[in-house]
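A look at the structure
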Number of protein chains: 2
Amino acid sequence: MLGRIVIEDLRPSTPTRAYPAKGVAGEPIPVSATILKEGHDILAAAVRWRPAGTSKWSTAVMTLAGNDKWAGEIIPSKLGLIEFVVDSWTDHYASWRHHALAKAADGQAIEVELEELAVMLDAHSVNAGAKDSPAMKAAAVQLRDATSEASRRLEAGLAPNLEKLLTKNPYRTDLTTSDVALIWADRSIAARGAWYEMFPRSEGGLRPAVDRLAAIAKMGFDIVYLPPVHPIGETARKGKNNTLDAKPDDPGSPWAIGSKLGGHTALDPALGSLDDFEFFVKSAESLGMEVALDYALQCSPDHPWVKEHPEWFHQRPDGSIKYAENPPKKYQDIYPINFWPDQGREQLWNACKDILDFWIGKGVKIFRVDNPHTKPFAFWEWLIPAVQAEDPGVLFLAEAFTRPRVMAKLAEIGFTQSYTYFTWRTTAWELAEYLTEVALGPKADYMRTNFWPNTPDILSGPLRNGGPGAFKHRLVLAATMSPNYGMYSGYELMENIPASGKNEEYLNSEKYEIKTREWNSPDSLERYIERVNSIRRAHPAFKEIGKIHFHHSNNEHIIAYSKTSPGRDPELQTPPKFHDVMLMVVNLDEQPQETTLWLDMEAIGMPADQPYEAHDELTGAVYLWEGASAYIRLDPDVEPAHVFHLRRIG
Amino acid sequence: MLGRIVIEDLRPSTPTRAYPAKGVAGEPIPVSATILKEGHDILAAAVRWRPAGTSKWSTAVMTLAGNDKWAGEIIPSKLGLIEFVVDSWTDHYASWRHHALAKAADGQAIEVELEELAVMLDAHSVNAGAKDSPAMKAAAVQLRDATSEASRRLEAGLAPNLEKLLTKNPYRTDLTTSDVALIWADRSIAARGAWYEMFPRSEGGLRPAVDRLAAIAKMGFDIVYLPPVHPIGETARKGKNNTLDAKPDDPGSPWAIGSKLGGHTALDPALGSLDDFEFFVKSAESLGMEVALDYALQCSPDHPWVKEHPEWFHQRPDGSIKYAENPPKKYQDIYPINFWPDQGREQLWNACKDILDFWIGKGVKIFRVDNPHTKPFAFWEWLIPAVQAEDPGVLFLAEAFTRPRVMAKLAEIGFTQSYTYFTWRTTAWELAEYLTEVALGPKADYMRTNFWPNTPDILSGPLRNGGPGAFKHRLVLAATMSPNYGMYSGYELMENIPASGKNEEYLNSEKYEIKTREWNSPDSLERYIERVNSIRRAHPAFKEIGKIHFHHSNNEHIIAYSKTSPGRDPELQTPPKFHDVMLMVVNLDEQPQETTLWLDMEAIGMPADQPYEAHDELTGAVYLWEGASAYIRLDPDVEPAHVFHLRRIG
């Protein structure tokens, strides 16, 4: 049965509410709820939260933020699962006050109202301690003092001190508590970080790759992500450019995991030893970066599991094991795992978890999961909480480029972050529509985007044969739109040659060969990337995706959007309304373009009637603007984007 | 833990899924679900349903209707609560077929595929009866016959007969069933009907009012709704025009319920006897109409409950009972009920139910509930199912004009129908926006609209001092937009004089006085109303609100919208796509207006390349149209609206 008050729609939430929404430990999470009660009484509400399984609640006041909608903020104190509930009750005193004032203003008698407040004080004082009780009783006596004018007694009833006493010693006759809602509190790196993907074998192995880490750290990346580091199968090994006839010295695809040298818990000897691996991880750490590892649950025909556990694979009537295929395409170097074997499902799933446990033991806490949408949802629903129960700091990035509902479901059931369609959203209209969906829709409660302009599999859109303007503008978009973004190495060298027009592969893809690069090229974008990442770090406006707002540009080739962070400092709150206001203006074309922007002044919190400054953080240029209109010209050969910090003057 | 397949988002549904969505017994209800499985197997799905508490399921096939969205249809066989679930499983045969055909087309060997199908047949035949088993076994032998060409054996594997056998004798290794979803199946009058509100006292009582019923039936109404028929309080009785000094012969407001003559289960003697009441109900019934009664849970100070159960009211510290007030306004003739008394809550709630039981005993099955939003949600959540458990044919219309969330919540927890904001939506933009919300949003699953252009409390918008054009166009809008609509008597006589500019009351409101009307006025709209209701009844397009579609009109004073009913008859399905296509074009202004429409041809299913006919069902005129564009001129003094039946030619 419903309580006296209806409390529902707790946000953040997941669609089925069976899984937690997402937040960051130690950081404020805005929460909201719909609260309904019959009639016209004035309500009050609070949010309570605690780590799941503990007993002590923290509490924060909620305020009415619209039609029946209440808002507040919680701050999880530690990593892991947080429970929160919303309490609501009738604010009898506020209701009384509203009522009594209206009657008094109309000249109506308020004797009974004064007595009602006295009765309320009696009730509240029952549970008040020795400190407050006498003051409350005295106030009741004063309200009942028939020798005093009603208007004077009303004044006594409205005294701020009285309100404080009543709030401090509540008497909540219809206190109602919502169902419990869940939030998973992650490390902050789960919510914001810049990823860099590299193949250590192209550097000569893990030891030599350590030399590259300093440059990556200097560019401002937070996470170095390595494709699978395990022994690579020899059976049906792929040659250069995905050919079927590998030469003896072709290294094969790292995703064809497993050989006689070992499976998912072994290291490809070509990369070095496990000691080298740990040294690599520690070196990254000393540069302020974390290493993320690929978690690709598939096997080459040479993987030890194939012999040890043929029942974990799809067996065909002729006794063979089914390789991956999407007819007529065949992937004979890959055996998919059968996650629902007739025998030994539990053993298989535990073995999958053992892989993670092994690498966690080697210092890895972030996993980029290959094709999670080809493995059962029930598997992830079991695996991720099982790992995080032992270490809530372990994070999972879902590499699922599939149908929207499937991607959202993976995020819902536990993935920390998700690859997105950003890679294929290239026009202003597409970008605005997509960001509106992922940043401003209900998915934002649990699906954290990670924007990748390129990956080893995907050279797409303007990057194909694209010039510096294309590489710069896709970088600026990814880095300023999503708190998490990543690039695959070679981006800084503007590698741009497609394998063919039939797919989005790179020519001479690093997946199938060792790639030697001239990092010190004079054309390298390393310094540009460093600048962008440093702006990202400096500005709190980039911490959350949901603060994005699109502004009108009269040229469809130029997109304009702002990001803001609220002014938590009460002294900064009004004015200005925002603490940090960033405005990005990006030319998506390869030609110079110009536009007149029409800024939504409400969304950027700048004064409509006096000038303000636009500091281009990329170039250092400062413009003096006034009002909503601004002229912009962007030549991609010079600079395809502005990243403005808007500042009030004085 | 999740099943092997994820099945969720069952629709129709209510937001919390704790309450049933709404449908009509004996009529198809479209259902849908999101179904997700990892990888690329082809799925199948079915919906099963049964009356709650029974054991036999009905089943219907579902089909893929978009990205991971499946659709089907259920038909509740009886009134009351229906449970439904969605089953899904991998369609191994369809997956096999897709796979084998792609390989064969590429010239790849399919020997193992043929054996796989033979194995599948073995598995399916295990549970097949003596009738099908031999045929399945024979097919398996044929597939394995190495002396036959693979291509011939593939043909055998694709035989329609084989597919039928496999479907009939399923082998569903990953069969997954959704959670149970709920639908309340109502009588059809719950979903569509035309209401007429009248004060029988103005006709001289219930007996004389019977004479008026034939005219109401002739106008085409389905429900005659009576304001409270109980004894009216004398204390603080309101006089004409809501004055505080009633004259001795002022009859008082019927909503000030209860006097020494009785309370909610008594009949005002001025209206007649209980026999007269039953005669009135039976007379309406013989004319094909039902009587709806007001259910207003409030008391005059003279109500028997005030003496018998003072604890059921709000008692003040001075010993008085609190009358209704919204300071500075006072309603001293009304005592609100305290639904959470310190003592006797259960007794009070049961007494409230007894009122309904009493009138149900007198033949009333429809109740219009006065101000339900001022009574606890928990009360309605208890009351409505308690009544409907005894008689699932009892219906409740919520008269809540309050905040949107509160209105939706009342519908969610059990109200059959809801008054809406239609009364105040008067411009084309407002109407389109509001209909989009209530007809096309998720609320439509459980909140059935009832559109009222006027009520005894509300003379609003264009009706205030409005002419025949205003009364006609508001009628056409209400009647053609919402399957449920109603009018308060006097509408046909175009009563249009407001009490003042301060509120929306009528001058000389019938709430406070007896009103004698000249029904046979030559200006009466009775015949026009009859025409509109007869068109409503003749056209299935008006049966559901959700089939509305707005079309472009280049004059903002003219609104155009279509309603369609799907062609269930397979012969009619293609072409035409729709069985019944209605297009309404309404001039909302008091001046003549003209426009050029731009019709969405997809939405009306008319041919883009050949002429079609527009039959104006109001006037009988027929127009020959071609393409999307149509010129319209509407003079409100002649006819403010077209109600076109669009027909293909030949």
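Residues numbered from 1 in each chain as written. Chains lettered and ligands numbered in written order. Predicted model: local features only at pLDDT ≥ 70, side-chain atom pairs only at ≥ 80, totals over all residues. Heavy atoms only, no water.

A few points about the sheet that holds strand β18 (residues 395-399) of chain B
All names here are of chain B. Around the barrel, which closes on itself, the eight strands sit in the order β10-β11-β12-β17-β18-β19-β20-β21 with parallel pairing between neighbours. Neighbour to neighbour, the strand axes of the sheet diverge by 30° on average, direction disregarded. Relative to strand β21 (residues 484-488), strand β20 (residues 449-451) is paired through two bridges, and the arrangement is parallel. Paired with Phe-451 across the bridge in β21 is Tyr-485. On top of the sheet, helix α13 (residues 468-481) reaches β20 and β21; it is set at about 150° to β21, its chief contact. (Pairing = 2+ DSSP bridges. Helix = DSSP H or I, 4+ residues; strand = E, 2+ residues; numbered from the N terminus. Axes fitted to C-alpha atoms, helices over the stretch in contact; angles between N-to-C directions. Contact = heavy atoms within 4.5 Å.)

Examining the relation of the copies chain A and chain B
Here chain A sits on chain B after a turn of 180° about the axis and a move of 0.0 Å along it, with an RMSD of 0.1 Å. What the rotation and shift describe, once combined, is the action of a two-fold rotation axis. The position closest to the rotation axis in chain A is occupied by the C-alpha of Thr16(A), lying 4.8 Å away. The fraction of interface residues of chain A whose copies in chain B are also interface residues reaches 100%, indicating that both copies meet through the same surface. (Least-squares fit on C-alpha atoms with pLDDT ≥ 70 in both.)

Here we look at the pattern of salt bridges
The final tally for this structure, using the stated rule, is 86 salt bridges over all chains. The salt bridge involving Glu325(B) is made with Lys103(A); its shortest N-O contact spans 3.1 Å. Remark: Lys103(A) occurs in helix α1 (residues 92-105) and Glu325(B) occurs in strand β14 (residues 324-326); the pair is interchain, linking two chains. The exposure classification of Glu325(B) matches that of Lys103(A), with both residues buried. The salt bridge involving Asp457(A) is made with Lys511(A); its shortest N-O contact spans 2.4 Å. Taken as a pair, Asp457(A) in the loop between β20 (449-451) and α13 (468-481) and Lys511(A) in the loop between β21 (484-488) and α14 (526-538) lie far apart in primary sequence, 54 residues in all. Under the relative-accessibility criterion, Asp457(A) is labelled partly exposed at 25%. (Salt bridge = Lys/Arg side-chain N within 4 Å of Asp/Glu carboxyl O. Buried < 20%, exposed > 50% of the residue type's maximum accessible area, 1.4 Å probe, protein only.)

Some points on the pairing of strand β27 (residues 622-625) of chain B
Note on strand geometry: in a regular strand, side chains alternate between the two faces of the sheet. Residues and elements named next belong to chain B. Pairing between strand β26 (residues 612-616) and β27: four bridges, direction antiparallel. Its bridge partner being in β27, His-615 is matched across the sheet by Val-622. The hairpin formed by β26 and β27 contains five residues between the paired strands, and Gly-620 there has a positive phi angle of roughly 90°.

Re the sheet that holds strand β10 (residues 193-197) of chain A
Residues and elements named next belong to chain A. The sheet built from eight strands closes into a barrel, its strands ordered β10-β11-β12-β17-β18-β19-β20-β21 with parallel pairing. Here the average twist between neighbouring strands, direction ignored, is 30°. In terms of strand pairing, strand β11 (residues 223-226) meets strand β12 (residues 290-295) through four bridges, oriented parallel. The partner of Ile-223 across the bridge, within β12, is Glu-290.

Details of helix α7 (residues 274-286) of chain A
Residues and elements named next belong to chain A. Along its 13 residues, α7 runs 18 Å from first to last C-alpha, staying within 8% of the 18 Å computed at 1.5 Å per residue. For α7, the complete set of buried residues consists of Asp-276, Phe-277, Phe-280, Val-281, Ser-283 and Ala-284. Along α7, the residues classed as buried sweep out an arc of 160° about the axis, all on the same side. Along α7, exposed side chains directed more than 90 degrees from the buried face belong to Asp-275, Lys-282, Glu-285 and Ser-286. In this fold, the buried residues of α7 make contact with α6 (206-219), β11, β12 and α9 (345-361). Gly-288 sits one or two residues past α7 and shows a positive phi near 80°. (Expected span 1.5 Å × (residues − 1). Arc of directions from axis to C-beta.)

Side note on the side chain of Glu513(A)
By the secondary structure assignment, Glu513(A) is in the loop between β21 and α14. Despite being buried, Glu513(A) has no salt bridge partner; Lys240(A) is the closest side chain of opposite charge, sitting 4.9 Å away. (Lys, Arg positive; Asp, Glu negative; His and termini not counted.)

Some words on the environment of Glu613(A)
All names here are of chain A. Following the sequence through the fold, Glu-613 ends up in strand β26 (residues 612-616). Classification of Glu-613 as partly exposed rests on a relative accessible area of 24%. The sequence separation of Glu-613 and Pro-227 amounts to 386 residues, and the corresponding C-alpha distance is 44 Å. For Glu-613, the residues in contact, after removing those within four places along its chain, are Val-622, Tyr-623, Leu-624, His-645, Leu-646, Arg-647 and Ile-649.

A word on the side chain of Arg212(B)
Residue and element names in this part refer to chain B. Note on placement: Arg-212 falls in helix α6 (residues 206-219). A distance of 2.9 Å separates a polar atom in the side chain of Arg-212 from a polar atom in the side chain of Glu-526. Excluding residues within four positions of it along the chain, Arg-212 makes contact with Tyr-196, Met-198, Glu-203, Met-219, Glu-492, Trp-519 and Glu-526. (Polar contact = N/O pair within 3.5 Å; in protein donor to acceptor, adjacent residues only side chain to side chain.)

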